[in-house]
Amino acid sequence: QVQLVESGGGLVQAGGSLRLSCAASGRTFSDYAMGWFRQAPGKEREFVGTSSWSGGRTYYGDFVKGRFTISRDNAKNTVSLQMNSLKPEDTAVYYCAASSGSRWNRGRAYDYDYWGQGTQVTVSS
């Protein structure tokens, strides 16, 4: 079992930045690929990005286009999502997720085993 807790969400103006954090507890953090997903009201859960076990490989959703960066600190059992140049369409609940399987880099929610409760990000125009 892995428990994940997100933090850092809030209200920000368009063009601003936020840094989300995810703290993990339970089994060995470094055994899991860590992903971020988001879900806006009335929309499907969307892949934001993911980081490999070592943090050396990252993949992002098509909409990111260089604006977001995932980083992880295995010693502290944390993974972060730095979001810059935020747009109103980035408004959503952002979820941290962990995958122990082999398909962590496909951008699919069902490939992830553990989920946090989410943190709200609201971007005003």
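In short, a report on the structure. A quick note: this is a predicted structure, and the numbers were derived from the prediction, not measured. All residue numbers refer to position in the chain's written sequence, counted from 1. In keeping with the predicted nature of the model, local features appear solely for residues at pLDDT of at least 70, side-chain atom pairs appear and are counted solely at 80 or more, and the whole-chain, interface and lining totals rest on all residues. Side-chain metrics rest on all non-hydrogen atoms present in the structure, leaving aside hydrogens and water.

Our next topic: the pattern of salt bridges. Each salt bridge in this description consists of a side-chain nitrogen of Lys or Arg and a carboxyl oxygen of Asp or Glu lying within 4 Å of one another. According to the stated counting rule, one finds 4 salt bridges in the structure shown. Taking the shortest distance from any N to any O, the salt bridge between aspartate 90 and arginine 38 comes out at 2.8 Å. One end of the pair, aspartate 90, is in the loop between β8 (78-83) and β9 (92-99); the other, arginine 38, is in strand β4 (residues 33-39), with 52 residues separating them in the sequence. Per-residue accessibility, obtained with a 1.4 Å probe over protein chains only, is compared with the maximum for each type, and a residue is labelled buried under 20%, exposed over 50%, and partly exposed between these values. The class for arginine 38 is buried, based on a relative accessible area of 6%. The partner of aspartate 111 in a salt bridge is arginine 108, and the shortest N-O contact between them spans 2.8 Å. Given the relative accessible area of 14%, aspartate 111 is considered buried. In this structure, a network of salt bridges that share partners links the residues Arg38, Glu46, Arg67 and Asp90. In DSSP terms, a helix is any run of H or I states spanning at least four residues, a strand is any run of E spanning at least two, and both are numbered starting from the N terminus.

A few words now on the state of the cysteines. In plain terms, two cysteine sulfur atoms within 2.5 Å form what is called a disulfide here. Per the counting criterion, the structure on display carries 1 disulfide. Through a disulfide, cysteine 22 is tied to cysteine 96; the S-S separation comes to 2.1 Å. Judged by the sign of its S-S torsion, about -80 degrees, the bond between cysteine 22 and cysteine 96 is left-handed. On the criterion of sequence distance, the pair formed by cysteine 22 in strand β3 (residues 18-26) and cysteine 96 in strand β9 is long-range, its members being 74 residues apart. Residue classification places cysteine 22 among the buried residues on the basis of a relative accessible area of 0%.

Turning our eyes to something else, we now look at the environment of tyrosine 60. Tracing the sequence through the fold places tyrosine 60 in strand β6 (residues 58-60). Its relative accessible area of 27% is what places tyrosine 60 among the partly exposed residues. Considering only alpha carbons, one finds tyrosine 60 and aspartate 90, 30 residues apart in sequence, at a separation of 14 Å. Apart from the residues lying within four places of it in its own chain, the contact partners of tyrosine 60 are Phe47, Val48, Gly49, Phe68, Thr69 and Ile70. As used in this structure description, the phrase polar contact means that two N or O atoms lie within 3.5 Å; if the pair is within protein, one of them must be able to donate a hydrogen and the other to accept it, and residues adjacent in sequence are counted only when both atoms belong to side chains. From its side chain, tyrosine 60 meets the backbone nitrogen of isoleucine 70 in a polar contact 2.8 Å long. Throughout, a residue-residue contact means that at least one pair of heavy atoms, one from each residue, lies within 4.5 Å.

In this model, asparagine 77 sits at a positive phi of 55 degrees, which is unusual for a non-glycine residue. As for its placement among the helices and strands, asparagine 77 is situated in the loop between β7 (68-73) and β8. What makes asparagine 77 partly exposed here is its relative accessible area of 27%. Even without glycine at this site, serine 85 takes up a positive phi of about 50 degrees. Counting through the fold element by element, serine 85 comes out in the loop between β8 and β9. Judged by its relative accessible area of 41%, serine 85 falls in the partly exposed class.

The next subject is the environment of serine 124. As for its position among the elements, serine 124 is in strand β11 (residues 119-124). Residue serine 124 is classed as partly exposed on the basis of its relative accessible area of 26%. Between the alpha carbons of serine 124 and leucine 4 there is a distance of 27 Å; along the sequence they are 120 residues apart. The contacts of serine 124, once residues within four sequence positions are left out, are Leu11, Val12, Gln13, Ala14 and Pro88.

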